[in-house]
Amino acid sequence: MASGHERYDWGARIARWVWSSALTYRSPVRALIASVALTAGVLLSGCNSDEISLANNAKANQPVSPKLVADMAEKNMDLQSPMLVRLFKQEAELEVWKQDRNGRFALLKTYPICRWSGDLGPKVREGDRQAPEGFYSISPAQMNPQSAYYLSFNTGYPNAFDRALGRSGSQLMVHGDCSSRGCYAMTDEQIAEIYSLGRESFFGGQRAFQLQAYPFKMTPLNMARHRNNPNMPFWKMIKEGYDHFEVTRQEPKVDFCEKKYVFDAAKPPDATRDPVFDASAKCPAYVIPAEVASAMADRQQADQAETAKLIAAGTPMARINTGIDGGMNKVFASKLPDGSTGLSEGGDGQSLSLVSLSRAPGTIPSHVNPPHGPVTSPDEPLAASMAPAQAPAPATRVASAAPNAQSDGFFSNLARKVGLGGADTTASAPPPPPAKPKIIEAKRSEPPASAPRTAAAPKPDATKQAAVARPPLKLSVASDAQAAAPAAVPAKDGPLAGSQPIVPPNSFDNRFAGFK
């Protein structure tokens, strides 16, 4: 896989100094200086056309919508406060959480996922087309304004836990274009808004935001329905992180040892330094803060009791699929001929006609197809997460953002050099005794993003002003009449959906290719 690395020499050094200065000042000044850093570094690095577009990319600099800014103000949030993202495959939903002025995370907005691929369960190997599950850290180096899929950010898969288990894969993204092979795909309009929220959080001083990816919402009902799934031990482990967030409304601190997750670990009272974790080594001595452990015990006891009650009442088990083609939210499926949500229906059998009148939140490209169950064929093997190893799938167009350790393009390279490349962070306390769930009011030691500020968006700088004239997008599904129209069929001699696009030599998009 081509790395696409460029050398920036003096341009990168000067940009690095300006960027570090930007992190010292408050929001409006920081945003302006950060933009100057990108532009100055690009111009001094030889005026490479690809790199200039990174600094002046209108798609990546679109302002947060006034409505969303107003929603944040109503919820006591700042535009540049820290954010956190949660993904749920079965429900096909992406949640964006923002830290409010009390230092706790609150739900800002839920986005229906347009398309995700694979099956319920973690990604295991390159080419299995699985979308990742687990806890990942998204730094500025993983944000890709030059994505072949409008905009994207790299999930950071594999993390230290995945690598300790020998799992492989690359270029696993959250991106636009509503087309996925191992990724979480949104509409272009959705990813533009999510990207802008991440960008503003970075301008506010957040060095990385946490991405939590789950097979489904970790409720007693879902745990009962999937009780026979071979991935259940892994799901119970990451449910601890889900529960830590639910009871604290704080981003859980994530570590790894003995090939498992450890959440909110702290040094023992008699220790002189923080514990050091290694995903493949024995766990060091650590404790879970008493208030967190107490709240976790109450929640786990309540959830376990409810799950046992549902199983005893005969809750049917979910079907175990192999080689399935992922899912999509019913809002999108209702707009497609023969629409199907795949796993996102969750077995409830709800008719798509109930949402057919709702407007799709963004563009649905003509090449998007609903999931149709197992797609394994001799020509295109599709390995389930638990299936034996198979040959990697054919190369396909990818979202082309920088992987965790390697950043491609100026923005990624610059962020990594100035220390903004997020390290793996993300455990399981010894299972506490299983009483009623409660919410912890205590805050983390780190301060909230800032003192209360006005919720209005910062004054746009010159770079952001360029975003006002947003590039035209593909036609949006705006009515039921349009939704009922069959998906566009490629011309006889045209490219097939999902095929590798033909791009001019030396363009950005032809630098990256790989398997999911």
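Everything discussed here concerns the structure shown above.
Q: Is there a simple way to explain the environment of Val247 in this structure?
A: Relative to the helices and strands, Val247 is located in helix 8 (residues 232–248). According to the relative accessible area criterion, Val247 is buried, its value standing at 1%. A C-alpha to C-alpha distance of 7.7 Å links Val247 and Val292, two positions 45 residues apart in sequence.

Q: Can you walk me through the sheet that holds strand 3 (residues 105–112) in this structure?
A: Across a sheet, strands are paired by hydrogen bonds formed along the backbone, either parallel or antiparallel in direction. Taking strand neighbours across the sheet as the criterion, the 5 strands line up as 3-2-1-10-5 in an open arrangement whose pairing is mixed. In this open sheet, the two strands that pair with only one neighbour each are strand 3 and strand 5 (134–138). Shown here is a sheet whose adjacent strand axes are inclined to one another by a mean of 20 degrees, direction ignored. As defined by bridge partners, strand 1 (residues 83–88) adjoins strand 10 (residues 209–214) across 5 bridges and the pair is classed as parallel. Following the sheet pairing, Phe88 is matched in strand 10 by Tyr214.

Q: Explanation requested: the state of the cysteines in the structure shown.
A: Working definition: the covalent bond between the sulfur atoms of two cysteines is a disulfide. In total, this model carries 2 disulfides according to the counting rule given. Across the disulfide, Cys114 is cross-linked to Cys178 (sulfur-sulfur distance 1.8 Å). Because the torsion about its S-S bond is -70 degrees, the bridge between Cys114 and Cys178 counts as left-handed. Linking Cys114 in the loop between strand 3 and strand 4 (115–116) with Cys178 in the loop between strand 8 (173–175) and strand 9 (184–185), this pair joins segments that are 64 residues apart in sequence. For Cys114, a relative accessible area of 0% puts it in the buried group. Between the sulfur of Cys257 and that of Cys283 lies a disulfide, 1.9 Å long from S to S. Around the S-S axis, the bridge from Cys257 to Cys283 shows a dihedral of about 85 degrees and counts as right-handed. Residue Cys257 is located in strand 11 (residues 254–257), and its partner Cys283 is located in the loop between strand 12 (260–263) and helix 9 (290–312); the two are separated by 26 residues in the primary sequence. Here Cys257 falls in the buried class, since its relative accessible area comes to 0%. What connects to what in the protein chain, once the bonded cysteines are numbered by sequence position, is 1-2, 3-4.

Q: What is the right way to look at the packing of helix 8 against helix 9 in this model?
A: The relative placement of two packed helices is expressed as an angle between their axes plus a distance between the axes. In contact at an axis separation of 10 Å, helix 8 and helix 9 are set at 115 degrees when each is read in the N-to-C sense. Taken together, the axis directions place helix 8 and helix 9 in an arrangement best described as roughly perpendicular. Between helix 8 and helix 9 the crossing geometry is right-handed. Contacts from Lys239, Glu240, Tyr242, Asp243, His244, Glu246, Val247 and Thr248 of helix 8 reach helix 9 at Val292, Ala295, Met296, Arg299, Gln300 and Asp303. For the contact of helix 8 with helix 9, the per-class residue count stands at 5 nonpolar, 3 polar and 6 charged.

Q: Sorry, what's going on with the sheet that holds strand 4 here?
A: Sheet architecture is open: 5 strands sit in the order 4-9-8-7-6, paired in mixed fashion. With one partner strand each, in any of the chains shown, strand 4 and strand 6 (143–144) form the two edges of the open sheet.

Q: Just checking my understanding: could you explain the packing of aromatic side chains for this structure?
A: Aromatic rings in a pair are described by how distant their centres are and how their planes are angled relative to each other. All told, the structure shown has 17 aromatic pairs when counted by the stated rule. Ring centres 6.3 Å apart and planes at 55 degrees place the aromatic pair Tyr136 and Tyr157 in the tilted group. In this pair, Tyr136 sits in strand 5 while Tyr157 sits in the loop between strand 7 (152–154) and helix 5 (160–164), placing the two residues 21 residues apart along the sequence. Here Tyr136 falls in the buried class, since its relative accessible area comes to 2%. Relative to Tyr261, the ring of Phe161 has its centre 4.9 Å away and its plane inclined at 40 degrees; by these criteria the two rings are tilted. Taken together, the positions of Phe161 in helix 5 and Tyr261 in strand 12 put the pair 100 residues apart, joining distant regions of the chain. Judged by relative accessible area, Tyr261 falls into the buried class, the value being 0%. We note Arg167 situated over the ring of Phe234; from NZ or CZ to the ring centre the distance is 5.7 Å. Above the face of the Phe88 ring, Lys217 is positioned so that its terminal group lies 5.6 Å from the ring centre.

Q: Would you take a moment to explain the pattern of salt bridges for this structure?
A: Proximity of charged atoms lets side chains of opposite charge pair with each other. Overall, the coordinates contain 19 salt bridges when judged by the stated rule. Two residues, Asp255 and Lys253, come together in a salt bridge whose shortest N-O distance is 2.4 Å. Note on Asp255: relative accessible area 14%, which makes it buried. For Lys253, a relative accessible area of 36% puts it in the partly exposed group.

Q: What should I look at first to understand the nonpolar core in this one?
A: Nonpolar side chains in soluble globular proteins generally cluster together in the buried interior. Counting residues in hydrophobic clusters, the biggest one holds 61 residues, and the most contacted among them are Met72, Leu94, Val96, Leu197 and Tyr261. Once you skip the residues sitting within four places of it in the chain, Leu94 turns out to touch Val85, Arg86, Leu87, Lys109, Thr110, Tyr111, Ile113, Val174, Met186 and Ile194. Counting residues in hydrophobic clusters, the runner-up holds 11 residues, among them Val247, Cys257, Ala265 and Ala295.

Q: What am I meant to see in helix 9 here?
A: For an α-helix, 3.6 residues make a turn, and residues three or four places apart therefore share a direction. The end-to-end C-alpha distance of helix 9, which contains 23 residues, comes to 33 Å, matching closely the 33 Å that a straight helix rising 1.5 Å per residue would cover. Regarding helix 9, the residues found buried are Val292, Ala295, Met296, Ala297, Asp298, Arg299, Gln300, Asp303, Thr307 and Leu310. Remark: Gly314 follows helix 9 within two positions and exhibits a positive phi of approximately 85 degrees.

Conventions we followed
- Residues numbered from 1 in each chain as written.
- Predicted model: local features only at pLDDT ≥ 70, side-chain atom pairs only at ≥ 80, totals over all residues.
- Heavy atoms only, no water.
- Helix = DSSP H or I, 4+ residues; strand = E, 2+ residues; numbered from the N terminus.
- Buried < 20%, exposed > 50% of the residue type's maximum accessible area, 1.4 Å probe, protein only.
- Pairing = 2+ DSSP bridges.
- Axes fitted to C-alpha atoms, helices over the stretch in contact; angles between N-to-C directions.
- Disulfide = S-S within 2.5 Å.
- Parallel < 35°, antiparallel > 145°, perpendicular 65-115°, else oblique.
- Left-handed = near helix turned anticlockwise from the far one by under 90°.
- Contact = heavy atoms within 4.5 Å.
- Nonpolar A, V, L, I, M, F, W, Y, C, P; charged D, E, K, R; others polar.
- Phe/Tyr/Trp six-rings, centres within 6.5 Å; stacked < 30°, edge-to-face > 60°.
- Lys NZ or Arg CZ within 6 Å of the ring centre and 35° of its normal.
- Salt bridge = Lys/Arg side-chain N within 4 Å of Asp/Glu carboxyl O.
- Core = buried A, V, L, I, M, F, W, Y, C linked by side-chain atoms within 4.5 Å.
- Expected span 1.5 Å × (residues − 1).

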